[in-house]
Amino acid sequence: MHSLLGREKKEEEAGFGIDLGLSLGFLPHAASMFSCVGCFWVLLSSALVAVCSFSFISPAWIVKDQLRSNSHHSHHNQHHQHHNKDSVSFGLLWHCSESLDHMYRCYTFGGLGKFAEIPSSSWQTSAVLCSGGCALLAVSSLLAIITIFLPSGGCERRICTLAGYMQMAAVFIMAAGLLVYPFGLNSSLVRSFCGDSDIYYAGECKIGWGYMLAIVGVMLTVFLPFFAKYAPKEQLSPTPLPTLL
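Residues numbered from 1 in each chain as written. Predicted model: local features only at pLDDT ≥ 70, side-chain atom pairs only at ≥ 80, totals over all residues. Heavy atoms only, no water.

A. Representation of the overall build of the protein. Helix and strand counts for the protein come out as 8 helices and 5 strands. Secondary structure elements in the protein, listed N-terminal to C-terminal, are α-α-β-α-β-β-β-α-α-α-β-α-α. The burial tally for the protein puts 36% of its 245 residues in the buried class. The contacts in the protein between residues at least 6 apart in sequence include a share of 64% that link residues at least 24 apart. (Helix = DSSP H or I, 4+ residues; strand = E, 2+ residues; numbered from the N terminus. Buried < 20%, exposed > 50% of the residue type's maximum accessible area, 1.4 Å probe, protein only. Contact = heavy atoms within 4.5 Å.)

Right, here's the structure in full:
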């Protein structure tokens, strides 16, 4: 009788040990399917793709508001002086102006498909660099999303490494595009609206919200390679990128 009870007790302890071992073995696997740093990296990458894309297609990189009054002697004279010239704004691919009926209309430079008619070679270079960097950032964001559904291991780490290097390259490319853009302020088209404008001097115009948003987006993109370094689910050692960090 005692031997029978002892055998049943041993079998119960053995079964409990197996269940406990399975549950404990499952926990690391479940934890490895989720990475807080990786999820934040994916969200930030996707958000910055949207920010950079929106800023690069914005027509408000250089703006000039013409709604000014020169005197307050007469309400009628003041009303006529308000609209001597239209408000204008320039972007990478667009320019906008306010017509006499107070409608704000935007047009591409020379129409779609006429890249050569962008009024400055500096703006053409900036458009190529910014669009190329934004496309590279979008591809890296897609790779970051793919890593969420991959099991932890060498494949995931290699994709994180590749995406991190692509994001680092996108930062340099887009930053170069933003630095080249002000060289086009001395073009004849910009001078006709902004007066005595020159390289890195907007004259009577000013920097618009589109250009400032692009700068903020590129500055935040600098942090993406750092998060890519610690994005893999298993942190045996950080991914070997970037070497500058």
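B. Quick look at helix 7 (residues 209–221). Here helix 7 is 13 residues long and its end C-alpha atoms lie 18 Å apart, about the 18 Å a rise of 1.5 Å per residue gives. Along helix 7, the residues classified as buried are G210, Y211, A214, G217, V218 and T221. Along helix 7, the residues classed as buried sweep out an arc of 120° about the axis, all on the same side. As for helix 7, its buried residues are in contact with helix 2 (36–56), helix 4 (121–148), helix 5 (154–180), strand 5 (206–207) and helix 8 (224–229). (Expected span 1.5 Å × (residues − 1). Arc of directions from axis to C-beta.)

C. Highlighting the packing of aromatic side chains. Inspection of every chain in the model, using the stated rule, returns 12 aromatic pairs. The interplanar angle of 50° and the centroid separation of 6.1 Å between the aromatic rings of F56 and W61 together place this pair among those described as tilted. Overall, the relative accessible area of 6% leaves F56 in the buried class. Judged by relative accessible area, W61 falls into the buried class, the value being 0%. Ring centres 4.8 Å apart and planes at 5° place the aromatic pair W123 and Y181 in the stacked group. A residue pair is termed long-range when its members are at least 10 positions apart, and W123 in helix 4 and Y181 in the loop between helix 5 and helix 6 (188–194) qualify at 58 residues. (Phe/Tyr/Trp six-rings, centres within 6.5 Å; stacked < 30°, edge-to-face > 60°.)

D. The environment of L185, seen in detail. Secondary-structure assignment places L185 in the loop between helix 5 and helix 6. L185 sits 14 residues away from I199 along the chain, and the two C-alpha atoms are 5.4 Å apart. Setting aside chain neighbours within four positions, we find L185 in contact with I62, W123, V190, R191, S197, D198, Y200, Y201 and A202.

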